[in-house]
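# An overview of the molecular structure
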There are 2 protein chains.
Amino acid sequence: MARAEFWYEFASSYSYPAAMRVGALAAERDVALVWRPFLLGPLFAGQGWRDSPFNLYPVKGRYMWRDLERICAALGLPLTRPDPFPQNSLHAARLALALDDSLRPAFSRAVYRAEFAEGRPIDAPATLAPLLAEIGVDPEPLLARAVEDANKTELKAQTARAAALGLPGAPCLTTPDGEVFWGNDRLEQGLEWALAHAAR
Amino acid sequence: MARAEFWYEFASSYSYPAAMRVGALAAERDVALVWRPFLLGPLFAGQGWRDSPFNLYPVKGRYMWRDLERICAALGLPLTRPDPFPQNSLHAARLALALDDSLRPAFSRAVYRAEFAEGRPIDAPATLAPLLAEIGVDPEPLLARAVEDANKTELKAQTARAAALGLPGAPCLTTPDGEVFWGNDRLEQGLEWALAHAAR
């Protein structure tokens, strides 16, 4: 079976439509998808950026917000600009990682919906706990597990792997042969690549 | 008739496949296309970049070259990495602008082919003069006209207009209602937008 990894950052604007689309796109093509939350902050810091490039470079930022409006309108996804942008995504990423693989996609979509559709703060337990309950997970034990050393270390390792793979941003699809496809607009291309190369 | 403007920079890597594709894409949809060469240097300088962001940020650069390899392979376009990258595109841009509108697309494609397919220096008259001859233009008078003040001023004005439109890079398609579509991978979307909005 063809396989691919979906790399996403909860603070990343283009990861929102990508997270909403990628599950169905992979299922249609019968590609097994592993969801990999990671943190862009350490990767950006390595390039000298201490903030989102969309804030550091306002021309790119203005373009991105208009582009995202058009993308979300075409997909029928509500869009509310998070304030502040980017949101602190550390807690959400730790929670997503601490969850069982099978629950991660639904929780991740719920976080993106809260953040980019409803404009709610994703660093607040008051936002995150109900999202866990919504997918049938008892919030308290998971909130505790998320901040244990083992889980923190795992998120650091996953972020280090994202850097080692050369991810230039989020979202990305990666394939077992080491190819990287960056952007919401490359999901289809990445999945087709995974299929073509699994068939060999 | 629907209208759109195609903004391109001869030094820009993604402008190569875009320039090779956009004419046919616009013709298929019956969108009237104006080709607008401009210079990214002044726009990048405004964001604090004195070199291509693909050189300043090597992670993005490595991704871009691999991405471009895949794109060119899929389109059947040869790809040779220009050395140095980016090329000095000033002469080529002035020549393209000095040409009659009807000759600009063919000349521009010829420049991209020399640069990105054959790896030839596009700041050299020895490269550029034969490309003019190839499209039926007497090189000497045009090489002279390209460096007249009127033409230099027009290129500056066109570059200033690119900045005023908020172009974050090249290539871009713009539509009469002020929308900007950035990237080789947005040509179809921009042309469809032009069509939909001309029909209103």
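As the structure is a prediction and not an experimental result, all values here were calculated from the model.

So, about the packing of helix H5 (residues 90-98) of chain A against helix H8 (residues 139-146) of chain A. Residue and element names in this part refer to chain A. Here H5 crosses H8 at 105 degrees, and the two axes come no closer than 9 Å. By the angle between their directions, the pair H5 and H8 is classed as roughly perpendicular. Contact residues: H5 offers Arg-94, Leu-95 and Ala-98, while H8 offers Leu-142, Leu-143, Arg-145 and Ala-146. The class makeup of the residues in the contact of H5 with H8 is 5 nonpolar, no polar and 2 charged.

All names here are of chain B. Burial along strand S2 (residues 31-37) is one-sided: Val-31, Leu-33, Trp-35 and Pro-37 are buried, and none of Ala-32, Val-34 and Arg-36, which face the opposite way, are. Inspection of the sheet shows strand S1 (residues 2-8) paired to S2 by 7 bridges, in the parallel sense. Within the sheet, the bridge partner assigned to Trp-7 lies in S2 and is Arg-36. For the handedness criterion, the β-α-β arrangement of S1, helix H1 (residues 15-29) and S2 is classed as right-handed.

Relative placement of two packed helices is described by the angle separating their axes and the distance separating the axes. Residue and element names in this part refer to chain A. Axis separation between helix H7 (residues 125-134) and H8 bottoms out at 9 Å; the angle between their running directions is 120 degrees. Of the possible angle classes, the one that applies to H7 and H8 is oblique. The interaxial crossing formed by H7 with H8 has right-handed handedness. Residue-level inspection shows Ala-129, Leu-132 and Ala-133 of H7 in contact with H8, the latter providing Pro-139, Leu-142 and Leu-143. Broken down by class, the residue content of the contact of H7 with H8 amounts to 6 nonpolar, no polar and no charged.

All names here are of chain A. Relative to the assigned elements, Arg-109 resides in helix H6 (residues 104-117). The exposure class assigned to Arg-109 is partly exposed, which follows from its relative accessible area of 25%. In sequence terms Arg-109 and Ser-15 are 94 residues apart; their C-alpha atoms lie 10.0 Å from each other. Discounting residues that sit within four places of it in the chain, Arg-109 has contacts with Ala-19, Met-20 and Trp-35.

Let us now look at the sheet that holds strand S2 (residues 32-37) of chain A. Residue and element names in this part refer to chain A. Within the open sheet, the 4 strands sit side by side as S2-S1-S3-S4. Their pairing is mixed. Each edge of the open sheet carries a strand with a single partner, namely S2 and strand S4 (180-182). Here the strands of the sheet are splayed against their neighbours by 20 degrees on average, with no regard to which way each runs. Both strand S1 (residues 3-8) and S2 contribute to a ladder of 6 bridges, which runs parallel. Each residue of the ladder has a partner; that of Ala-4, found in S2, is Leu-33. Its contacts with the sheet put H6 on S1 and S2, and the angle it makes with S2 is roughly 50 degrees.

We now examine the relation of the copies chain B and chain A. Both copies of the chain are placed relative to one another by a rotation about an axis and a shift along it. Of the two same-sequence chains, chain B is brought onto chain A (RMSD 0.0 Å, axial shift 0.0 Å) by a rotation of 180 degrees. Seen this way, the second copy is the image of the first under a two-fold rotation axis. Within chain B, the C-alpha atom positioned nearest to the axis of rotation is that of Asp-185 of chain B, 4.0 Å from it. When the interface residues of chain B are mapped onto chain A, 100% of them again fall at the interface, so both copies present the same face.

With 21 residues of chain B at the interface, the matching set in chain A holds 21 residues. Note on chain B versus chain A: buried area summed over both sides is about 2100 Å², and carbon and sulfur give 50% of it. A salt bridge links Asp-185 of chain A to Arg-186 of chain B; the nearest nitrogen and oxygen atoms lie 2.8 Å apart. The interface formed by chain B and chain A includes 15 residue pairs in polar contact (both at pLDDT 80 or more).

Below, the discussion takes up unusual backbone geometry. All names here are of chain A. With omega at 0 degrees, the peptide bond leading from Ala-170 into Pro-171 counts as cis. Mapping Pro-171 onto the fold places it in the loop between helix H9 (149-165) and strand S3 (172-174). Phi at Asp-30 is positive, roughly 60 degrees, even though this residue is not glycine. Looking at where Asp-30 falls in the secondary structure, it is placed in the loop between helix H1 (15-29) and S2. On the basis of relative accessible area, Asp-30 is assigned to the exposed category, the value being 51%.

Cut-offs used in this document
The residue numbering used here restarts from 1 in each chain and proceeds along that chain's sequence as written. Naming scheme: in the order in which they are written, chains are lettered from A and ligands are numbered from 1. For this predicted model, a pLDDT threshold of at least 70 governs which residues receive local features, and a threshold of 80 or more governs which side-chain atom pairs are given and counted, while totals over whole chains, interfaces and linings are taken from all residues. Each side-chain value is worked out from all heavy atoms of the structure, with water and hydrogens disregarded. Orientation is described by lines fitted to C-alpha atoms, with helices fitted over the stretch in contact, and by angles between N-to-C directions that extend from 0 to 180 degrees. The helix count covers DSSP runs of H or I at least four residues long, the strand count covers runs of E at least two residues long, and both are numbered beginning at the N terminus. Orientation categories follow fixed angle ranges, with anything under 35 degrees roughly parallel, anything over 145 roughly antiparallel, 65 to 115 roughly perpendicular, and all other angles oblique. Only heavy atoms enter the contact rule, under which two residues are in contact if any of them lie within 4.5 Å. For this classification, the nonpolar set comprises Ala, Val, Leu, Ile, Met, Phe, Trp, Tyr, Cys and Pro, the charged set comprises Asp, Glu, Lys and Arg, and every other residue, Gly included, is treated as polar. Each residue gets one of three labels from its accessible area relative to the maximum for its type: buried under 20%, exposed over 50%, partly exposed in between, using a 1.4 Å probe on protein chains only. We call two strands paired when DSSP finds no fewer than two bridges between them. The path from the first strand over the helix to the second decides the hand: if it runs clockwise while the strands point away from the viewer, the crossover is right-handed. With the far helix as reference, a near helix turned anticlockwise by less than a right angle produces a left-handed crossing, and one turned clockwise produces a right-handed crossing. Alignment of copies: least-squares fit on C-alpha atoms of residues with pLDDT of at least 70 in both copies. Defined here as a combined quantity, buried area equals the accessible surface (1.4 Å probe) lost by two parts on assembly, summed across both. Put simply, a salt bridge is a Lys or Arg side-chain nitrogen that is within 4 Å of an Asp or Glu carboxyl oxygen. Polar contacts, as used here, are pairs of N or O atoms within 3.5 Å; protein pairs need one atom able to donate a hydrogen and one able to accept it. Residues neighboring in sequence count only if both atoms are side-chain atoms.

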